[in-house]
Amino acid sequence: MIEPTVRSEEPGDYAAISEIVYAAFLNHPLHPPGALPTEHKVVEALREAGALSLSLVCEEQGEIVGHLAFSPLPVDDENRDWYMLGPVAVRPDRQRAGLGSALIREGLRQMQAQGAAGIALAGDPNYYCRFDFVSRPELILEGVPAEYFLSLPLSGEVPSGRVTMHEAFFVS
């Protein structure tokens, strides 16, 4: 078995990234029935705004099969070196093969090496607990139930306050 390669995105990857993110979220239970995904537009808008702090792809035999993004996450409108993880996407036919986990582990390693104080995300606690993400009442993301807003401190303490996702997360 050939190990997947995780690397930083390059300009020639943009179309493949959009296709994979779209396909990964098509018919996702997060969306109302029949609704088309917008997560690929989030990635594109983050990129256009210069707000992709880290954007990784996962390749198998030279073909991109997954993508992960990190963007700044202010706490009470202040930069505290916290970042939002997501979206995370793996091509549907390659899901449940450990590729998403490989992307997340490498992303966390690189963000810690870059000096990130912590990472937060909106997601399934049953999945993200394997990476030590937990719900913390001191961090609040409006509109997301506390049990689905998870965080992982990488250095220091968890700040207290309301976080603000980049406006790219609200594209439609």
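Here the structure is a predicted model, which is why all the values come from computation and not from measurement.

Caption draft 1: Region of the structure containing the overall build of the chain. Helix and strand counts for the chain stand at 4 helices and 9 strands. Here the C-alpha radius of gyration of the chain, 15 Å, is about what a compact globule of 172 residues would show, namely 16 Å. When its C-alpha atoms are laid out on the principal axes, the chain stretches across 45 × 35 × 30 Å. The buried share of the chain, reckoned over its 172 residues, is 47%. Looking at the chain alone, contacts between residues at least 24 apart form 64% of all its contacts between residues at least 6 apart.

Caption draft 2: Local environment of the packing of helix H1 (residues 14-25) against helix H2 (residues 39-48). As a packed pair, H1 and H2 sit with axes 7 Å apart at the nearest point and diverge in direction by 145 degrees. Contacts from Tyr 14, Ile 17, Ser 18, Val 21, Tyr 22 and Phe 25 in H1 reach Glu 39, His 40, Val 43, Glu 44 and Arg 47 in H2.

Caption draft 3: Summary view of the sheet that holds strand S6 (residues 134-135). Strand order across the open sheet formed by 7 strands is S1-S2-S3-S4-S5-S8-S6, with mixed pairing between neighbours. Sheet topology places strand S1 (5-8) and S6 at the edges, where each strand pairs with a single neighbour. Examined bridge by bridge, strand S3 (residues 63-72) and strand S4 (residues 82-90) share 6 bridges and lie antiparallel to one another. Note that in S4 the partner of Pro 72 across the bridge is Tyr 83. Contacts from helix H3 (residues 99-113) reach S1, strand S2 (54-60), S3, S4, strand S5 (118-122) and strand S8 (149-153) within the one sheet, and its direction differs from that of S2 by about 145 degrees.

Caption draft 4: Quick look at H3. Look at H3: 21 Å from first C-alpha to last across 15 residues, which is about the 21 Å you get at 1.5 Å a residue. Inspection of H3 places Leu 99, Gly 100, Ser 101, Leu 103, Ile 104, Gly 107, Leu 108, Gln 110 and Met 111 among the buried residues, and these make up the whole buried set. Gly 115 occupies a position one or two residues after H3 and carries a positive phi of about 95 degrees.

Caption draft 5: Highlighting the pattern of salt bridges. Enumeration over the complete set of coordinates arrives at 10 salt bridges. Measuring nitrogen to oxygen at the nearest pair gives 2.7 Å for the salt bridge that ties Arg 91 to Glu 63. Here the residue Arg 91 occupies a position in the loop between S4 and H3, and Glu 63 occupies one in strand S3, the gap between them amounting to 28 residues. Under the relative-accessibility criterion, Glu 63 is labelled partly exposed at 44%. Each of Arg 7, Glu 10, Asp 13 and Glu 59 takes part in a single network of salt bridges with overlapping partners.

Caption draft 6: The nonpolar core, seen in detail. Ranked by size, the top nonpolar core spans 24 residues in total, and within it Phe 70, Leu 85, Ile 119, Tyr 128 and Phe 133 carry the most contacts. When contributions to this core are tallied by element, the ones reaching two or more residues are S2, S3, S4, H3, S5 and S8. Here this core gets 5 residues from one element, more than from any other, and that element is H3. In contact with Phe 133, other than residues within four places in its own chain, are Leu 85, Leu 108, Ile 119, Ala 120, Leu 121, Tyr 128, Leu 150, Ser 151 and Leu 152. Membership of the second largest hydrophobic core comes to 20 residues, among which are Met 84, Ala 117, Ala 120 and Val 163.

Caption draft 7: Structural view of the pairing of S2. Most of S2 sits inside the fold, with 7 of its 7 residues counted as buried. With burial as the criterion, each face of S2 is covered, one bearing Leu 54, Leu 56, Cys 58 and Glu 60 and the other bearing Ser 55, Val 57 and Glu 59. Summarising the sheet, S1 and S2 pair through 4 bridges and their orientation is antiparallel. Note on S2: the bridge partner recorded for Thr 5 is Glu 59. Of the pairings in the sheet, the one linking S2 to S3 comprises 7 bridges and is antiparallel in character.

Thresholds, definitions, all that
- Residues numbered from 1 in each chain as written.
- Predicted model: local features only at pLDDT ≥ 70, side-chain atom pairs only at ≥ 80, totals over all residues.
- Heavy atoms only, no water.
- Helix = DSSP H or I, 4+ residues; strand = E, 2+ residues; numbered from the N terminus.
- Rg over C-alpha atoms; globule rule 2.2 N^0.38 Å.
- Buried < 20%, exposed > 50% of the residue type's maximum accessible area, 1.4 Å probe, protein only.
- Contact = heavy atoms within 4.5 Å.
- Axes fitted to C-alpha atoms, helices over the stretch in contact; angles between N-to-C directions.
- Pairing = 2+ DSSP bridges.
- Expected span 1.5 Å × (residues − 1).
- Salt bridge = Lys/Arg side-chain N within 4 Å of Asp/Glu carboxyl O.
- Core = buried A, V, L, I, M, F, W, Y, C linked by side-chain atoms within 4.5 Å.

Everything listed is a geometric property; what it means functionally is a separate question.
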